[in-house]
Number of protein chains: 2
Amino acid sequence: MQNSALVASVTPRKVVVFGGDGFLGSHFVDALAAQGHEITVFGHSRPNGSGNLVHLEGCFRRVVGEFSDEKAVAAALKGQDVAADFILTSTPVSSWEEPLRTTETDLGPTVRFFELCVEQGVRKVLFSSSGGSLYGPHHGPTDENTLTRPFNPHGIVKLCCEHFLSYFRVKSGLASDCYRIGNAYGPRQPLDRTQGVVGAWIGCILAGQPLEVYGDESTLRDYVSALDAAQLMTSSLADLDSTDTYNLGTGHGTSILELLEIFKEVSDRPFEYHVHPRRPLDNPSAILLSGKLLERFPGFTFRDLRQGIRESFDWAKKRM
Amino acid sequence: MQNSALVASVTPRKVVVFGGDGFLGSHFVDALAAQGHEITVFGHSRPNGSGNLVHLEGCFRRVVGEFSDEKAVAAALKGQDVAADFILTSTPVSSWEEPLRTTETDLGPTVRFFELCVEQGVRKVLFSSSGGSLYGPHHGPTDENTLTRPFNPHGIVKLCCEHFLSYFRVKSGLASDCYRIGNAYGPRQPLDRTQGVVGAWIGCILAGQPLEVYGDESTLRDYVSALDAAQLMTSSLADLDSTDTYNLGTGHGTSILELLEIFKEVSDRPFEYHVHPRRPLDNPSAILLSGKLLERFPGFTFRDLRQGIRESFDWAKKRM
């Protein structure tokens with residue numbers, strides 16, 4: 001893996017990853033393990049977890065608990081250098097129907113989580129934010145200086161969490177890096193959810209169901225491999241005092257119809273699909289210029305989308 | 001009053017003003033009454049209200065209730081064209097100590113309020129936002145295209161409410177105007193609160209207490225007369241379908257030490273004061289370029305700050 005060589009040797013850190021056995025979180029745990037960090041994974045009380053970290057059993061500490069259980073969260077945070085938050089309770093689709101629930105289940109507990117980080121002496125928070133819904137109705141690429149105008153409750157609350165991290169930095173000195181991640185895809189992506197079109201489409205094809213395609217050639221998204229995203233996010237571990245916000249995408253927009261063409265090429269099974277207009281809940285485009293983050297990884301190359309989707313298919317077939 | 005002549009004749013609207021007997025809300029009710037609108041005031045269950053609207057008794061409908069009482073709020077909204085929200089539960093100072101309370105008491109109920117507006121068929125919301133804490137650590141003037149980076153929970157939640165209004169516009173067609181108001185001052189400003197330095201200082205002087213001055217010549221604020229602010233906000237009533245966000249300030253920064261000098265000139269009572277460094281919870285500067293709003297009021301002139309402070313003193317002396 002050519003990009004691995006780009007990571008200089010780093011000081012080992014104690015890192016707790018909330019949602020670390022989920023899709024993106026587990027790739028981050030992989031990236032941490034490759035760098036030799038001391039890892040704790042905090043997650044739901046599923047027996048044996050999601051299975052995403054089976055290959056690392058014994059290489060990390062597992063704490064089973066609910067994100068809303070303050071005692072369990074505080075115990076997991078104690079003594080850690082860094083807390084990474086990959087907890088996901090709402091999605092752009094679910095929050096569109098239940099905006100109040102999004103404020104109650106996402107915002108309040110996350111702000112309380114940041115407070116607990118301060119109380120437990122954690123030095124830095126790594127926050128997985130939303131590149132897809134945070135900038136709002138912009139056409140064309142965005143960078144971190146683009147005006148944020150979210151209108152989807154998922155993106156609204158993610159941005160609000162970022163602002164609360166600014167508060168905790170000023171008030172309590174808690175460092176934090178926020179990553180505004182594009183449409184992450186790859187192995188371990190849930191196949192049965194409304195968020196994550198690549199995983200959802202693979203799930204449909206393998207189940208013999210038609211794809212539901214929302215949008216047209218102007219509906220542009222920045223598809224980024226979860227493996228690439230995870231590796232780039234380890235940049236936060238180099239300096240525990242630095243604080244910043246980073247776009248995390250390829251900077252390249254792929255239309256939903258182009259994605260459909262790639263699926264036709266890559267899939268070895270025929271499938272039907274229905275094309276619908278773009279949904280009101282979706283931004284017209286979401287393309288993330290990530291120069292600020294990539295400055296820290298000279299020579300980094302993103303995984304090719306076709307190749308990445310092939311790998312996702314292969315993983316899903318084995319899984320099912 | 002020269003500015004009154006600037007208001008063209010307007011279609012009478014049915015307007016319910018939440019917090020309409022408070023400081024800024026009552027000035028807005030005055031401005032509505034001068035234009036002949038049909039007014040409902042929703043407020044706390046204080047016997048006879050705050051006294052701010054005594055001069056208008058009989059000219060408006062009063063609904064007594066708590067903002068958290070959905071039935072009372074829904075009843076007040078029924079049949080209204082416009083709902084104006086001047087409800088204030090947190091301030092920059094209070095929210096700094098209780099960030100979670102700010103999300104629970106301000107954000108949730110306000111989002112629910114917007115939902116109720118949709119359910120009751122209200123056409124437009126007028127939202128009093130925060131010009132002082134919403135832009136964050138900018139030096140120099142800001143306009144509506146300036147990147148919003150709040151770090152005080154009060155400003156964070158106000159901005160989040162603005163974004164939820166974008167959501168309700170896209171999802172349900174609810175129109176809304178957000179006003180990012182500078183440091184409003186004037187008659188009826190509470191004399192015993194931590195928010196509103198002009199009122200607080202007048203209260204201290206009349207009570208024989210020293211002024212606590214936080215900041216220096218670089219701590220710049222945009223002091224805007226509440227009467228001017230209220231009049232400018234009536235611009236929302238002209239078009240019930242338009243939606244926008246407006247800075248509402250003079251565009252002129254006054255340092256906290258200049259304000260102190262004005263108080264020395266204007267006060268007929270001697271007073272002591274203590275100068276402290278700027279508090280971490282305060283922005284270095286907050287100056288609001290309001291050209292977009294003022295375009296709608298050609299020739300508008302803001303009240304002179306000295307004159308406005310004199311009027312505030314006169315009101316406070318009568319009140320005490």
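No experiment lies behind these values; they were computed from the predicted model shown.

S.K.: Would you mind showing me how to read the overall build of chain A here?
M.R.: The secondary structure content of chain A amounts to 10 helices and 14 strands. Taken over the C-alpha trace, chain A has a radius of gyration of 19 Å; the compact-globule value for 320 residues is 20 Å, and the two agree within 12%. Across its three principal directions, the C-alpha atoms of chain A cover 50 × 40 × 40 Å. The buried share of chain A, reckoned over its 320 residues, is 49%. The long-range share in chain A, meaning contacts at least 24 apart out of those at least 6 apart in sequence, stands at 79%.

S.K.: Mind showing me how you'd approach the relation of the copies chain A and chain B here?
M.R.: Both copies of the chain are related by a screw-like operation: a rotation about an axis and a shift along it. Between chain A and chain B, the superposition needs a rotation of 180° and an axial shift of 0.0 Å, giving an RMSD of 0.0 Å. Here the two chains are linked by the operation of a two-fold rotation axis. Relative to the rotation axis, the closest C-alpha in chain A is found at A:Leu147, a distance of 2.6 Å. Here 100% of the interface residues in chain A have copies in chain B that are interface residues too; the copies meet face to matching face.

S.K.: Help me understand the sheet that holds strand E2 (residues 38-43) of chain B, please; the structure alone is not making it clear to me.
M.R.: The strands that make up a sheet are held in pairs by hydrogen bonds between backbone atoms, and each pair lies either parallel or antiparallel. Residues and elements named next belong to chain B. Across the sheet, which stays open at both edges, the 7 strands sit in the order E3-E2-E1-E4-E5-E6-E11 with parallel pairing between neighbours. The open sheet has two free edges, formed respectively by strand E3 (61-64) and strand E11 (244-248), since each of these has just one partner strand. Between one strand and the next, the sheet's axes are offset by a mean angle of 20°, whatever the strand orientation. Bridge count between strand E4 (residues 82-85) and strand E5 (residues 124-130): 4 bridges; the pairing is parallel. Opposite Asp85, over in E5, you have Phe127 as the bridge partner. Relative to the sheet, helix H5 (residues 153-172) contacts E5, strand E6 (175-181) and E11, its axis offset from that of E5 by approximately 160°.

S.K.: I'm lost on the pairing of strand E6 (residues 175-181) of chain A in this one. Help?
M.R.: Successive residues of a regular strand alternate their side chains across the two faces of the sheet. Residue and element names in this part refer to chain A. Among the 7 residues in E6, 7 count as buried, and that is most of the element. Of the pairings in the sheet, the one linking strand E5 (residues 124-130) to E6 comprises 7 bridges and is parallel in character. Its bridge partner being in E6, Ser128 is matched across the sheet by Tyr179. The parallel pair E5 and E6 is bridged by helix H5 (residues 153-172), and the resulting crossover is right-handed. Bridging between E6 and strand E11 (residues 244-248) involves 5 bridges; their strand directions are parallel. Bridged to Asp177 within E11 is Asp244.

S.K.: Would you mind going over the sheet that holds strand E3 (residues 61-64) of chain A with me for this structure?
M.R.: All names here are of chain A. One open sheet holds the 7 strands; their spatial order is E3-E2-E1-E4-E5-E6-E11, and the pairing between them is parallel. On the outer flanks of this sheet lie E3 and E11, each paired with one strand and no other. Taken pair by pair, the neighbouring strands of this sheet meet at an average axis angle of 20°, ignoring direction.

S.K.: Looking at this structure, I do not really get the interface of chain A and chain B. What am I missing?
M.R.: Interface size, as often reported, equals the accessible area lost upon joining of the parts. In this complex, chain A contributes 25 residues to the contact, which on the side of chain B involves 25 residues. For the side of chain A that touches chain B, the element with the highest residue contribution is H5(A), accounting for 9 residues. Across the side of chain A that touches chain B, the residue classes break down as 14 nonpolar, 7 polar and 4 charged.

S.K.: Explanation requested: the pairing of E5(B) in the structure shown.
M.R.: Taken across its 7 residues, E5(B) has 7 buried, putting it largely inside the fold. Alternating positions in E5(B) separate into two faces, B:Lys124, B:Leu126, B:Ser128 and B:Ser130 on one and B:Val125, B:Phe127 and B:Ser129 on the other, with burial throughout.

S.K.: I keep staring at the confidence of the model for chain A and nothing clicks. Help me out?
M.R.: Close inspection of predicted coordinates is inappropriate in any region flagged by low pLDDT. Residue-level pLDDT values for chain A average 93, and 95% of them are 70 or greater. The ipTM for the predicted assembly is 0.95, set against a pTM of 0.96.

S.K.: Just to check I follow, could you spell out the packing of helix H4 (residues 99-119) of chain A against helix H4 (residues 99-119) of chain B for this structure?
M.R.: The geometry of a pair of packed helices is captured by two quantities: the angle between their axes and the separation between those axes. Two elements in contact, H4(A) and H4(B), have axes separated by 10 Å at closest approach and are oriented at 170°. If you check the angle between H4(A) and H4(B), you find them roughly antiparallel. Here A:Pro99, A:Leu100, A:Thr103, A:Glu104, A:Leu107, A:Gly108, A:Val111 and A:Arg112 of H4(A) lie close against H4(B), whose contacting residues are B:Pro99, B:Leu100, B:Thr103, B:Glu104, B:Leu107, B:Gly108, B:Val111 and B:Arg112. Broken down by class, the residue content of the contact of H4(A) with H4(B) amounts to 8 nonpolar, 4 polar and 4 charged.

S.K.: Explain helix H1 (residues 23-35) of chain A here, please?
M.R.: A turn of α-helix holds 3.6 residues, and therefore any two residues three or four places apart point the same way. Residues and elements named next belong to chain A. Its 13 residues give H1 an end-to-end C-alpha distance of 19 Å, which sits within 8% of 18 Å, the value for a rise of 1.5 Å per residue. Counted residue by residue, H1 has 10 buried out of 13 residues, so it is predominantly covered. Among all positions in H1, only Phe23, Leu24, Gly25, Ser26, His27, Phe28, Val29, Asp30, Ala31 and Leu32 are buried. Of the residues one or two after H1, Gly36 is the one with positive phi, at around 80°.

S.K.: I keep staring at the packing of helix H2 (residues 70-77) of chain A against H4(A) and nothing clicks. Help me out?
M.R.: All names here are of chain A. Where H2 meets H4, the axes come as close as 9 Å, and the angle between the chain directions of the two elements is 45°. Accordingly, the angle class assigned to the pair H2 and H4 is oblique. Helix-helix and strand crossings are classified by hand; for H2 and H4 the assignment is right-handed. Contacts from Glu70, Val73, Ala74 and Leu77 of H2 reach H4 at Arg112, Phe113, Leu116, Cys117 and Glu119. When the residues that make up the contact of H2 with H4 are grouped by side-chain class, the tally is 6 nonpolar, no polar and 3 charged.

S.K.: Sorry if this is basic, but what is going on with unusual backbone geometry here?
M.R.: The backbone of A:Arg188 shows a phi angle near 80°, a positive value even though the residue is not glycine. Assessed through the 24 C-beta atoms surrounding it within 10 Å, A:Arg188 is described here as buried.

S.K.: Mind showing me how you'd approach helix H2 (residues 70-77) of chain B here?
M.R.: Residues and elements named next belong to chain B. Every buried residue of H2 is listed here: Val73, Ala76 and Leu77. For H2, the angular spread of buried residues about the axis comes to 100°, placing them on one side. Elements in contact with the buried residues of H2: strand E1 (14-18), E2, E3, E4 and H4. Backbone geometry just after H2 places Gly79 at a positive phi near 80°.

S.K.: It is not clear to me how the environment of A:Met233 should be interpreted in this structure. Could you clarify?
M.R.: Residue and element names in this part refer to chain A. Tracing the chain through its elements places Met233 in helix H7 (residues 226-233). A residue is classified by how many C-beta atoms lie within 10 Å of it, and Met233, with 25 of them, is buried. Beyond its immediate sequence surroundings of up to four residues, Met233 is in contact with Phe28, Leu126 and Tyr179.

S.K.: Just checking my understanding: could you explain the environment of B:Ile205 for this structure?
M.R.: Residue and element names in this part refer to chain B. Relative to the assigned elements, Ile205 resides in helix H6 (residues 197-206). Residue Ile205 is classed as buried on the basis of its 23 C-beta neighbours within 10 Å. Between the C-alpha atom of Ile205 and that of Ala74, which follows or precedes it by 131 residues, the distance is 42 Å. The residues touching Ile205, leaving out its near neighbours within four places in the chain, are Ser267, Arg269 and Phe271.

S.K.: Would you mind showing me how to read the environment of A:Gly182 here?
M.R.: Residue and element names in this part refer to chain A. By secondary structure assignment, the location of Gly182 is in the loop between E6 and strand E7 (183-185). Separated by 54 residues in the primary sequence, Gly182 and Ser128 have C-alpha atoms spaced 11 Å apart. If we skip the residues at most four places from it in the chain, Gly182 touches Gly131, Gly132, Arg221, Asp222, Tyr223, Val224, Leu248, Gly249, Ala286 and Leu288.

The rules behind each value
- Residues numbered from 1 in each chain as written.
- Chains lettered and ligands numbered in written order.
- Predicted model: local features only at pLDDT ≥ 70, side-chain atom pairs only at ≥ 80, totals over all residues.
- Helix = DSSP H or I, 4+ residues; strand = E, 2+ residues; numbered from the N terminus.
- Rg over C-alpha atoms; globule rule 2.2 N^0.38 Å.
- Buried ≥ 20, exposed ≤ 12 C-beta atoms within 10 Å, placed from the backbone.
- Contact = placed C-beta atoms within 7 Å.
- Least-squares fit on C-alpha atoms with pLDDT ≥ 70 in both.
- Pairing = 2+ DSSP bridges.
- Axes fitted to C-alpha atoms, helices over the stretch in contact; angles between N-to-C directions.
- Right-handed = clockwise from strand over helix to strand, strands pointing away.
- Nonpolar A, V, L, I, M, F, W, Y, C, P; charged D, E, K, R; others polar.
- pLDDT = per-residue confidence, 0-100.
- Parallel < 35°, antiparallel > 145°, perpendicular 65-115°, else oblique.
- Expected span 1.5 Å × (residues − 1).
- Left-handed = near helix turned anticlockwise from the far one by under 90°.
- Arc of directions from axis to C-beta.

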